[in-house]
Amino acid sequence: MSLPSSVDVAIIGAGAAGLGAARALENSGLSVMVLEARDRVGGRAHTVMAAPDITFDLGCGWLHSADRNSFVAIAEHLDFDIDKTRPPWREQSFDAGFPKHERADFIKSLDAFYDRAEAAAKTGRDSAASRYLEFGNRWNPMIDAISTYVNGAELDRVSILDMDAYEDTEINWRVRRGYGALMTAYGAPCPLAFNCNVTRIDHSGQCVSIETSQGMLSAGKAIVTVPTNLIADEAIRFHPALPAKVDAARGLPLGLADKVMLALDQPDALPKDGSLRGATMRTAMGSFHLRPFGQPCIEGYFGGRYARELEDEGPGALAARAIEEISTLLGSDFRRKLKPLAQSRWAHDPFARGSYSHALPGQAGMRAVLAAPVDGRLFFAGEATSPNFFSTAHGARDSGERAAREVMGSKA
Ligand SMILES: Cc1cc2nc3c(=O)[nH]c(=O)nc-3n(C[C@H](O)[C@H](O)[C@H](O)COP(=O)(O)OP(=O)(O)OC[C@H]3O[C@@H](n4cnc5c(N)ncnc54)[C@H](O)[C@@H]3O)c2cc1C
């Protein structure tokens, strides 16, 4: 769609939040345009066919807190099959390098860590989650590894108040055709301008004046949904400047998580929906989902500083490390049974610059600061603004709906 000269509401970003806002404004009587820098919708939700028989979500894959996840009803409405198989995250297939009694001991330490952090959060005083690791506990590196998957960052960079605010109902489902594919179907009715990179938002006048790579657009109101790292880096400049938003975004950086998909020869040798942790006594390790949905492949997950190192090494490093870790556990013949198909590089993606937000110690209150409207004309959504479902796709979508309600309720 080409860019009109003016609209009632401009939405910046066609990820889950932007699409959630656009869908909520559908019957409002307001003219709406979603401005998207990429040539596709979904943002950090992106499904690709890694091979003709292998669906791969480069970004979000799990319907977290599925019993409270607004995408579940959307998937049902759009005829997307939901797979309710329990995630294998606490298993280790074949007990490889991590026998059952060791796993039980690890889980005990992990749960005790969460209990200590939760109790500390109840005091209302914030601090780094790493403070609640038990001194000398042999599982500390692995507890930190879990944080790199959950938060995209090690525990020394994670606020306990923020961790405590997240609502996890521990019910996790998946969309068989891909979460990104679901997002594309959800966004299909939205008015979209692709390849439309927003660089400046002037909110000094009666209308909001938006500078884009496709020209100027004047809007009565604007909803900004871009990831925090772009606001922190001032990739979009505001006039007048909004230092409180930039500071809030800096307190809520995107951590890093990356995925790699490997084709698997002779798949029957491995269990459907099995799981492997690449190592046990260190933080820098991958986590592997064997034959997701029964597909002939292994999906690897890497987080935190380790993921960043591997991204910086260049394309192929993640796959090479994944194959090395799996072969160490399952035998060297896996070196020839596994073939790299695709991988994400979210830190190097100019319109994401990371994977999902976490609050730095002392910064948990920044989610509300980032979410607050400015002068009844500028509104903010995106996963980082969700009070309880941040870092997720449904949290992002719900935040877009919240911003749309604010737009409709505001008088300016
Ligand atoms: C590896 C990985 C695994 C994940 N796993 C899960 C999971 O299992 N379950 C889950 O719920 N969540 C998961 N997430 C998180 C989830 O994908 C995100 O929280 C969610 O998709 C964010 O949606 P959003 O709308 O806030 O932001 P985005 O999806 O980032 O959307 C923002 C949009 O703004 C666009 N944009 C940026 N800058 C500009 C600009 N200047 N002008 C115009 N447009 C711009 C971007 O291109 C993008 O399309 C995962 C993410 C990653 C990376």
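Remember, it's a predicted structure, so these values are computed and weren't measured experimentally.

A. Molecular detail of unusual backbone geometry. Omega for the bond connecting His 239 with Pro 240 falls within 30 degrees of zero, at -5°, which places this linkage in the cis form. As for its position among the elements, Pro 240 is in the loop between strand S12 (237-239) and helix H8 (243-251).

B. Layout of the site of the ligand. In the region of the ligand, 40 residues are neighbours, and Glu 36, Arg 38, Arg 44, Trp 62 and Ala 393 sit closest. Here a nitrogen atom of the ligand and a backbone polar atom of Val 198 are 2.9 Å apart. Between Ala 393 and the ligand, the recorded distance is 2.8 Å, taken from a backbone N or O atom to an oxygen atom. For the ligand, the protein covers 98% of the area, taking 1,000 Å² as the surface of the free molecule. Of all the elements in the fold, those that place two or more residues in the shell around the ligand are helix H1 (16-24), strand S14 (257-264) and helix H13 (393-409).

C. Seen up close, the packing of aromatic side chains. Tallied over the entire structure, the rule returns 12 aromatic pairs. Taken together, a centroid distance of 5.4 Å and an interplanar angle of 50° make the contact between Phe 113 and Tyr 114 tilted. Three or more aromatic residues joined by ring pairs form one cluster here, namely Phe 71, Tyr 179 and Tyr 186. The positively charged end of Lys 84 is found above the aromatic ring belonging to Trp 173, 4.3 Å away from the centroid. Against the face of Phe 390 rests Arg 367, its NZ or CZ located 3.7 Å from the ring centre.

D. A look at the nonpolar core. Counting residues in hydrophobic clusters, the biggest one holds 38 residues, and the most contacted among them are Ile 11, Leu 63, Phe 71 and Ile 223. The set of elements that each furnish at least two residues to this core consists of strand S1 (6-12), H1, strand S2 (32-35), helix H2 (70-77), strand S7 (173-175), helix H6 (179-187) and H13. Contact partners of Ile 223, with chain neighbours within four places excluded, come to Val 9, Ala 10, Ile 11, Ile 12, Ala 21, Leu 25, Phe 379, Ala 381, Ala 403, Ala 404 and Val 407. Among the nonpolar cores identified, the runner-up in size contains 32 residues, and Phe 56, Leu 256, Cys 297 and Leu 310 belong to it.

E. Looking closely at the sheet that holds strand S5 (residues 62-63). The strand order S5-S7-S6 describes an open sheet built from 3 strands, whose pairing is antiparallel. Two strands bound the open sheet, and with one partner strand each, they are S5 and strand S6 (82-83). Where S5 lies against S7, 2 bridges are found, and the strand directions are antiparallel. For Leu 63, the partnering residue across the bridge sits in S7 and is Trp 173.

F. How the structure looks around the pairing of strand S16 (residues 287-290). Here S16 shows a buried face lined by Ser 287 and His 289 and a second buried face lined by Phe 288 and Leu 290. Relative to S16, strand S15 (residues 274-277) is paired through 4 bridges, and the arrangement is antiparallel. Paired with Gly 274 across the two strands is Leu 290, which belongs to S16. Judged from the 4 bridges that link them, S16 and strand S17 (residues 297-303) form a sheet pairing that is antiparallel.

Parameters and conventions
- Residues numbered from 1 in each chain as written.
- Predicted model: local features only at pLDDT ≥ 70, side-chain atom pairs only at ≥ 80, totals over all residues.
- Heavy atoms only, no water.
- Helix = DSSP H or I, 4+ residues; strand = E, 2+ residues; numbered from the N terminus.
- Near = heavy atom within 4 Å.
- Polar contact = N/O pair within 3.5 Å; in protein donor to acceptor, adjacent residues only side chain to side chain.
- Areas by Shrake-Rupley, 256 points an atom, 1.4 Å probe, with all protein chains shown as cover.
- Phe/Tyr/Trp six-rings, centres within 6.5 Å; stacked < 30°, edge-to-face > 60°.
- Lys NZ or Arg CZ within 6 Å of the ring centre and 35° of its normal.
- Core = buried A, V, L, I, M, F, W, Y, C linked by side-chain atoms within 4.5 Å.
- Buried < 20%, exposed > 50% of the residue type's maximum accessible area, 1.4 Å probe, protein only.
- Contact = heavy atoms within 4.5 Å.
- Pairing = 2+ DSSP bridges.

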